[in-house]
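# Notes for the structure review
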Amino acid sequence: MTAAAVQLDAVVVGAGFGGMYALHKLREQGLRVRVLEAGADVGGTWYWNRYPGARCDVPSVEYSYSFSKELQEEWDWTEIMAAQPEILRYANHVADRFGLRKDIVFDTRVSAAHYDDASGRWQIETEAGGSFVSRFLLLATGCLSEPNTPPIEGADQFAGPVYHTGRWPHEGVDFSGLRVGIIGTGSSGVQAIPVIAEAAEHLTVFQRTPNYTLPAGNRPLSRDQLQRAKARYETIRRAERRSQGGFIFGFGGNAFIAPTERLLETTEEQREAAMDADGFASLRRYLDIALDPEANELACEMYRELVRRQVRDPDTAEKLSPRGYPIGCKRPVIDTGYLDTFNRDNVTLVDLRRGGIERIVPTGIETSQGTFEIDALVYATGFDAMTGTILRIDIRGRDGESLREAWEAGPCSYLGLQVHGFPNLFTITGPGSPSVLTNMIISIEQHVDWISECIAYMDANQLSRVEPEADAQRAWVEHVNEVAKGTMLTAPTCQSWYLGANIPGKPRIFMPYVGGVGQYREICDDVSSDGYRGFRLR
Ligand code: N01
């Protein structure tokens, strides 16, 4: 350790919504805090993901901080689900309003964090050679922040510009007059494709797995809707905190239909009538799609029928039809005009199930179906989710054990908050917590509040170290697996990033906690009010 190391109570890694709130909360508690952020400014996911069409899929009245009534009152969202620039403006407003920037070190990537048991301190190093010493280390590194670029032969030979949706240039990209190729049709691809298709001369979409995507139903948020939501904010927030997903769609609009019917109890005529009346949104009506494989398969068939109705060319419709995995096994995808994009003359869909990518050449992409010439290439190929960014840091715990070793067979934690062997290290929305299955901001606030209360309890009781017991951690991991079992999320045919299945060699473990925001909060509160049951406090 160099003499110049900055001495702190807490180091927070990441200045997205998690890190910003952690800084505010812990600073208010009187702690000396520093946030270390790899980017040049705040916003996390909304700082990096500036690709065309990027937008939230949770209503912004709900996907926003609830910790400050004044903040809630003064910020006016303009659309039901805000686009990336508006969310980034909001993040900047929060940083200014609460004076956060003075304690954030930007353009600083953490390379290592080693725990010294003798002093009870974390020693944190940055890639640029900076050193920090801190009692607590909070990883607010985001669940989807380590971009995945698949290794494709010849990729470095491509002559034109190459982009990744998760690292989009801040000055934007002008695709006019260009033949663009895009690989990937997850949430990012599905949002970007319609917008790029409008700008480019030609767009070729390389699709490995078609997705079940439902219309976003986004629209401007009227003054009246906003005022009604603001008037009900307390009720909305209380309901979110008790809910399954951390949202209730309580913004005064009606874009979302609450499921109340059973698909298996409908007749063919009723299903036809539902599809005629509501199109894809009709699939939101049925409760049993998420629960019953037979209902799910029927819903998949309805989905394919709706694709055939929407997409003019029958072969393209067939290519866009998902098969062999259930609706609900992957993160739900919502779109604005996605399927209609494939009715455009300047869009070609390459179904990689009929022959995969063989290599990238300077002028395009070679597949076993032929070569597709392109001038610019976009990877919409997702992330090494939930663990990628954490494990990129060389983290070593009490006995010098590395977190990479501890998580070799998949991430283990107690409550998704702490890892045995790594005292005073907290993960904000880490694996084993509801995180990505929920409204992230509600889950972030719950984690930060719990961690700050734990630190306050330690300070009040002159305790210096907190760490989960091995048994408590084992029991929690079993519980996380148990509740995920039998859901569509862990169906044997499911290949999702929730399971790590998108990264070759990553252990297949279901990472988030399915129990829901309300139940999870009760468990965490019960643990803390029971003297931090399962944690060893020294
Ligand atoms: O990433 P993904 P994403 N050759 O992993 C394909 C959040 N998010 O960035 O399915 C060819 O979902 C891959 O194909 P396959 C949200 O939580 C939210 O789109 O593996 N293709 C897939 O089509 C989301 O779930 C919002 O067969 C390859 C795509 O790339 C998460 O971020 C918006 C390939 C990756 O899809 C990730 O979404 C955007 C290869 N070698 C993102 N490798 C909203 O709030 C991968 N693919 C709306």
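### So, the overall build of the protein chain
- Looking only at helices and strands, the protein chain features 16 helices and 20 strands.
- For the C-alpha atoms alone, the extent of the protein chain along its principal axes is close to 70 × 55 × 45 Å.
- Considering only residue pairs separated by 6 or more positions, the protein chain has 71% of its internal contacts joining residues 24 or more positions apart.

### A few points about the state of the cysteines
- What the rule picks out here adds up to one disulfide.
- Bridging Cys329 to Cys494, the disulfide has an S-S length of 2.2 Å. For the disulfide bridge between Cys329 and Cys494, the dihedral angle about the S-S bond is near 90 degrees, and by the sign convention the bridge is right-handed. Of the two residues, Cys329 is situated in the loop between helix H10 (314-319) and strand S11 (333-335) and Cys494 in the loop between helix H15 (470-484) and helix H16 (517-529); the sequence distance between them amounts to 165 residues.
- On the accessibility criterion, Cys494 (0% relative accessible area) is buried.
- This cysteine, Cys56, is not joined by any disulfide, and Cys143 carries the nearest cysteine sulfur, 14 Å off.
- Given the relative accessible area of 4%, Cys56 is considered buried.

### Focus on the sheet that holds strand S9 (residues 202-207)
- Here five strands make up an open sheet; going across it, the order is S7-S16-S8-S9-S12 and the pairing parallel. Edge positions in the open sheet fall to strand S7 (162-164) and strand S12 (347-351), since each of these has one partner strand only. Taken over all neighbouring pairs, the strand axes of this sheet differ in orientation by 20 degrees on average, direction set aside.
- Packing of helix H5 (residues 187-199) onto the sheet brings it into contact with strand S8 (179-183), S9, S12 and strand S16 (376-379), and relative to S8 it is tilted by some 170 degrees.

### What about the site of the ligand?
- Within the structure, the ligand sits among 23 residues, and Thr185, Ser188, Arg208, Thr209 and Trp497 are positioned closest to it.
- For the ligand, an oxygen atom lies 3.5 Å from a polar atom in the backbone of Arg55.
- Residue Trp497 places a side-chain N or O atom 2.9 Å away from an oxygen atom belonging to the ligand.
- Contact with the protein chains covers 87% of the free accessible surface of the ligand, which is 920 Å².
- By residue number, the principal contributor to the shell around the ligand is H5, which donates three residues.

### Quick look at the nonpolar core
- With 129 residues, the main nonpolar core has Phe17 and Trp450 as its most contacted residues.
- For this core, the leading source of residues is helix H14 (residues 440-460), giving nine residues.
- Discounting chain neighbours no more than four positions away, the residues touching Phe17 are Trp46, Tyr63, Tyr65, Ile87, Tyr90, Ala91, Ile441 and Ile444.

### Side note on the domain arrangement of the protein chain
- Here the protein chain is described as being made up of domain 1 (6-146 + 384-531) and domain 2 (155-254 + 309-379).
- Computed over C-alpha atoms only, the centres of domain 1 and domain 2 are separated by 27 Å.
- With 50 residues of domain 1 at the contact, the number on the domain 2 side is 48 residues.
- By the criterion of area lost to domain 2, the three top residues of domain 1 are Tyr51, Val61 and Ile80, representing 17% of everything that side buries.
- For the pair domain 1 and domain 2, the number of links is four salt bridges.
- Asp76 is the salt-bridge partner of Lys230, the closest N and O atoms lying 2.5 Å from each other.
- For the pair domain 1 and domain 2, the number of links is 29 residue pairs in polar contact (both at pLDDT 80 or more).
- At the level of elements, helix H2 (45-48), helix H3 (69-74) and H16 are the ones that each hand at least two residues to the side of domain 1 that touches domain 2.
- Examining the composition of the side of domain 1 that touches domain 2, we find that four residues originate from one element, H3, more than from any other.
- When its residues are assigned to classes, the side of domain 1 that touches domain 2 shows 24 nonpolar, 15 polar and 11 charged.

### Side note on the environment of Trp476
- Relative to the elements of secondary structure, Trp476 occurs in helix H15.
- Under the relative-accessibility criterion, Trp476 is labelled buried at 6%.
- Taking the C-alpha atoms as reference points, Trp476 and Gly534, 58 residues apart in sequence, are found 9.8 Å from one another.
- With residues up to four places along the chain from it excluded, the contact list for Trp476 reads Ser413, Tyr414, Leu415, Gly416, Gly432, Tyr513, Tyr520 and Ile523.

### Regarding the pattern of salt bridges
- Evaluation of the coordinates by the stated rule reveals 43 salt bridges.
- Close ionic contact of Asp315 with Arg354 constitutes a salt bridge, the shortest N to O distance being 3.0 Å. With Asp315 in helix H10 and Arg354 in the loop between S12 and strand S13 (357-361), this residue pair connects regions lying 39 residues apart in the sequence.
- Given the relative accessible area of 37%, Asp315 is considered partly exposed.
- Taking the shortest distance from any N to any O, the salt bridge between Arg353 and Asp351 comes out at 3.1 Å.
- Beyond isolated ion pairs, a larger network of salt bridges with shared partners links Glu272, Asp276, Glu297, Glu301, Arg304, Glu305, Arg308 and Arg309.

### Examining the sheet that holds strand S15 (residues 370-373)
- Strand order in this open sheet of three strands is S13-S14-S15, and the pairing throughout is antiparallel. With partners counted over all chains shown, the strands left at the sheet margins are S13 and S15, one partner each. Each strand of the sheet is rotated relative to its neighbour by a mean of 20 degrees, with strand direction disregarded.
- Bridge count for S13 against strand S14 (residues 364-367) is four bridges, and the pairing is antiparallel. Across the sheet, the residue bridging to Ile357 is Thr367, located in S14.

### Points about the side chain of Ser528
- Here Ser528 shows up in helix H16.
- Within polar-contact distance, the side chain of Ser528 engages the backbone oxygen of Asp525 at 3.1 Å.

Thresholds, definitions, all that
Residues numbered from 1 in each chain as written. Predicted model: local features only at pLDDT ≥ 70, side-chain atom pairs only at ≥ 80, totals over all residues. Heavy atoms only, no water. Helix = DSSP H or I, 4+ residues; strand = E, 2+ residues; numbered from the N terminus. Contact = heavy atoms within 4.5 Å. Disulfide = S-S within 2.5 Å. Buried < 20%, exposed > 50% of the residue type's maximum accessible area, 1.4 Å probe, protein only. Pairing = 2+ DSSP bridges. Axes fitted to C-alpha atoms, helices over the stretch in contact; angles between N-to-C directions. Near = heavy atom within 4 Å. Polar contact = N/O pair within 3.5 Å; in protein donor to acceptor, adjacent residues only side chain to side chain. Areas by Shrake-Rupley, 256 points an atom, 1.4 Å probe, with all protein chains shown as cover. Core = buried A, V, L, I, M, F, W, Y, C linked by side-chain atoms within 4.5 Å. Domains from an automatic or database assignment. Buried area = accessible area lost by both parts, 1.4 Å probe. Salt bridge = Lys/Arg side-chain N within 4 Å of Asp/Glu carboxyl O. Nonpolar A, V, L, I, M, F, W, Y, C, P; charged D, E, K, R; others polar.

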